Every structure is written in C-alpha cells, then in structure tokens.
Amino acid sequence: MLRLFDTAEGRVVPLELRDDGVVSMYVCGPTVYGPPHLGHGRFSLVFDVLRRYLEWSGLEVRYVSNITDIDDKIIQRANEEGRSAQEVAEQYEQVWYQAMDAIGVKRPTADPHATGYVERMVELIAELMDRGVAYETSDGVYFDPSGVPDYGLLARQSIDSLRVGARVEANEEKRSPIDFALWKKAKPGEPAWPSPWGPGRPGWHTECVVMSLDLLGEGFDLHGGGQDLAFPHHENERAQAVAAGRTFAHHWMHNGFVEVGGEKMSKSLGNFTNLLDLVESTDPRSYRLLVLQSHYRSPVEVNKATIDAATSALERLDAFARRTADLPPAAPDVEALDAFRRHMDDDLDTPAAMDVLFSLVRRGNQALDVGDVHAAAAAAAAVREICRAVGLELHETAGEVPPEVLELARQRDDARARKDWASADALRDQIQARGFVVEDTPAGTQVRPV
C-alpha cells in the first residue's frame, strides 16, 4: 500500500481511496501571466511521477489540475502591455502546455478554467454569507475563518498564532488580518462578472474549492501542490469547504522548493529560470531525473552541475538501453521490481528507487561482459519497467550515422571475429576520431554520435 506524508496529519499515512481502484487527485495548476519557472516544473513532475506510478500499479487516476485565467497579476500584465487579460491568459496557457509537453508531463484528465466557474463561485460565496462566515465591505466580500475550529491545520499553527504573525494591511474594514477575499469588486477597466455584491471577480482561494468538488466530488482522495501553497491557499480552500458543510480532500501532499544558492526559486524573488530555456539548452529528461533523484519533500538545487550530473546519468541509461535493445525477451528481474515498489510505496522514495534502477544497469552490463545474456535481459526488462513507471523515456536508438562509419563498425566486427584485436582497436579509434561513441553489444559494434 502506498504511504504518503500527509501535511494535515504531519506524518506518513496510507493513501486510502474513496472508490476501489480509482484515485481522485486535484493539483493546483498555474496562474497564467508569465512563462513557467523551474519550481512550476518540479511540482508538475512530482505529481506526474505519482500519477504514472499509480497507473503503472494498476489504478485508474482521475487527475484534475486547474488554470487560473483571471487574477491580479494577469490584469497587471495586460495593463502594462496594452492587451486584454484574456489575451495574456491565453498566450501563457499555451506557453505552460508547451513547457509541460517538453518535460513529458501528461495532460490532466480535466483542466478547469477559473473563468468557466465564476457563476458557481458566486453561489458558494452567497452560501457562506448566509451561514454567517463571510461579510461584505466596500471593496469585496471576505471570509472570517474564526468559525472554523481547526483553521491553521495545514500551517501546523493555531488561529491565534496566525493572527499574531499576519501581515498588517491598510484595509480597516477587515475584521481580522487573517480574513481573506472571496470576491473582489471591480475597479474601472477591469474584467468583471455580475454578483449580488456588484460586478467583480472571485478571490483566488475560492476557485479550487468549487472546481475540485465539481469535478471530483466530496471526499476526493488527494489535494496537492507546492509547499508554498499549503498556507494560506490550501488552508483557505479547506476552510471554505468546511464552513459550507462539505467533505473536502482526505489527504494533503506538498513538494519542497527548488533552490538557487540555498534560496527558494520564485518569480517574486526574481531568481527564477524559465523552464523553456532549460529544456531548449539541455536534454529535458535531465530535469525529470534530477527531480527523481531528490525526495519530493526536500529542497532540490538546480544549477549547471546538478543538471550536468543528471544528463551524464541519462547517457548511462540510454547506453544500456541501446546495448540491450536486441536481447531476447525476458521477464523483468522480480526482486528488483519488488525493491522498486517498496521504495515508491514508502512516501514516494524516488532517490532509493533510482538507486535500484542504476544498480540494475550495472548488473546488466556486468552480465553482458561475462556473456550471461539471460541475466542481462532480465535486468534490462526491469530497467524498462521502472522507467515506464516514473515516466523516464529511454533513447534506444542512436542518431544518424553515416554509411562509411557503419562500414568501419562492420569491419571491426569482422576483425573481432578473427580475434584480430589490433585491427579492431585501430578501427575503434578511427570511428571515435570521427566523433562517434563505440559500444560493444551482443549484436556487435554499436555506434552513436557523441
């Protein structure tokens, strides 16, 4: 059984499912006002790996991830560029999916857009007003969390300590500094929707409550996102659902930050790297492998050294895949797959799972070196299964190799067959001098570009 760290409980617990054989997941998606940075890439990869592993394990996964296409930041960018908020949102949604496709993240089962749910959000806000947990001011409608007994659960703090630490705001109409906006009354020139409190738009924290409950139903299995969303965003979602008498997510999962020089990467700090820049300058699979080699709850340092190390590790995987591509079919190494499952089921311990993967590669290569084709084929089959389970694509075929280089490889195989090792070595040197890597496989000399 898969066990995950539950932010609400502060410990690792079994992932219990509402419906047998089906996992319902809601992962907060992007606010589309700019290109995604590496932090966005990390949370997307973490939950993509979880989803793929669950599917590989035989479960059906209903994966919902929203698009926030109306927000203060979108409006600000639109005003700066003299465009409509819709144009900005549409442009950067396209950029978002371009980046996700590049790093191999599967598209969600559903990607609800905030603008498509405004009417239902108005209905929820009206219900919260009727229940006496929300109130109107001159600039909008606010939620009062004091009526939610366990408010602060995801922050692991009491409501009193949250009040003490809250940022002081200029809005004197708010009853408490921790009260948050459900509805923002429109300013001149801003996009707006009708409501009982005047034209405006919903607050960010209300979007996901409505969309997750609509698409996944009450008591869905897992709500996830980056660590920075646990409080206040996810806590404020949860508070609204509780106050409305709804059963919300059963489990809460959050991944750690991406860091540069030990500091969180974010747009607000100005130290983010555009995700598309990374995938255009290096093998995009390297970022997935780097994420896999780090535990999802720990910070991960992304820099040239860590990306280069992941790229080198990928080359070892690809080389093994090519070397074993022509081996006869075999059942995967059972012990290795069992070890992989144990690590993945233990709070998604992907670093240990990757140790199993690379141990298989070493054992498979050693088996080939001594001519044990059966052991090598079993290791290769397990490597492919593990890579499939975590979404790590293998490149089993080399790039374009000119006919004259292939002819040198054929001549080398002939020399090796005659046990003319001096000629074989000289032919290998000729091939390498032309900029190709030479690999010995059971099928003979394999050549690929450096």
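Structure: see above.
Just so we're clear, the structure is a prediction, and the values are computed from it rather than from any experiment.

Enquirer: How do you make sense of the sheet that holds strand β8 (residues 200–202) when you look at a structure like this?
Expert: Strand pairing in a sheet is mediated by backbone hydrogen bonds. Such pairs are either parallel or antiparallel. Within the open sheet, the 4 strands sit side by side as β5-β6-β7-β8. Their pairing is antiparallel. Each edge of the open sheet is held by one strand with a lone partner, namely β5 (134–137) and β8. For this sheet, the mean angle separating the axes of adjacent strands, direction not counted, is 20°. Direction of pairing for strand β6 (residues 140–143) relative to strand β7 (residues 180–185): antiparallel, over a ladder of 4 bridges. Pairing of Y142 across the sheet is with A181, part of β7.

Enquirer: Teacher, can you tell me more about the sheet that holds strand β4 (residues 60–65) here?
Expert: Judged by pairing direction, the sheet is parallel, and its 4 strands sit side by side in the order β4-β3-β9-β10 without closing on themselves. Where the open sheet ends on each side, the last strands, each with one partner, are β4 and β10 (251–255). In this sheet, neighbouring strand axes are inclined to one another by 25° on average, regardless of whether the strands run parallel or antiparallel. One ladder, built from 3 bridges, connects strand β3 (residues 22–27) with strand β9 (residues 222–226); its direction is parallel. Along β9, the bridge assignment pairs Y26 with H223. Sheet strands in contact with helix α1 (residues 38–56) are β3, β4, β9 and β10, and its direction is about 130° off that of β10.

Enquirer: Teacher, can you tell me more about empty space enclosed by the protein here?
Expert: If a probe as big as a water molecule is rolled over the atoms, it shows which places are left empty. Following the criterion strictly, the structure yields 2 cavities of 30 Å³ or more and no others. Quantified by volume, the largest cavity comes out at close to 150 Å³. Lining the largest cavity are 17 residues; nearest its centre among them are Y63, S65, W96, V105 and P108. Looking at the lining of the largest cavity, its residues break down into 10 nonpolar, 4 polar and 3 charged.

Analysis parameters
- Residues numbered from 1 in each chain as written.
- Predicted model: local features only at pLDDT ≥ 70, side-chain atom pairs only at ≥ 80, totals over all residues.
- Heavy atoms only, no water.
- Pairing = 2+ DSSP bridges.
- Helix = DSSP H or I, 4+ residues; strand = E, 2+ residues; numbered from the N terminus.
- Axes fitted to C-alpha atoms, helices over the stretch in contact; angles between N-to-C directions.
- Contact = heavy atoms within 4.5 Å.
- 1 Å grid on protein atoms, 1.4 Å probe; cavity = no way out; pocket = protein on both sides within 12 Å on 5 of 7 lines; lining within 4 Å.
- Points joined across faces, edges and corners; volume = space filled by probe spheres on them.
- Nonpolar A, V, L, I, M, F, W, Y, C, P; charged D, E, K, R; others polar.

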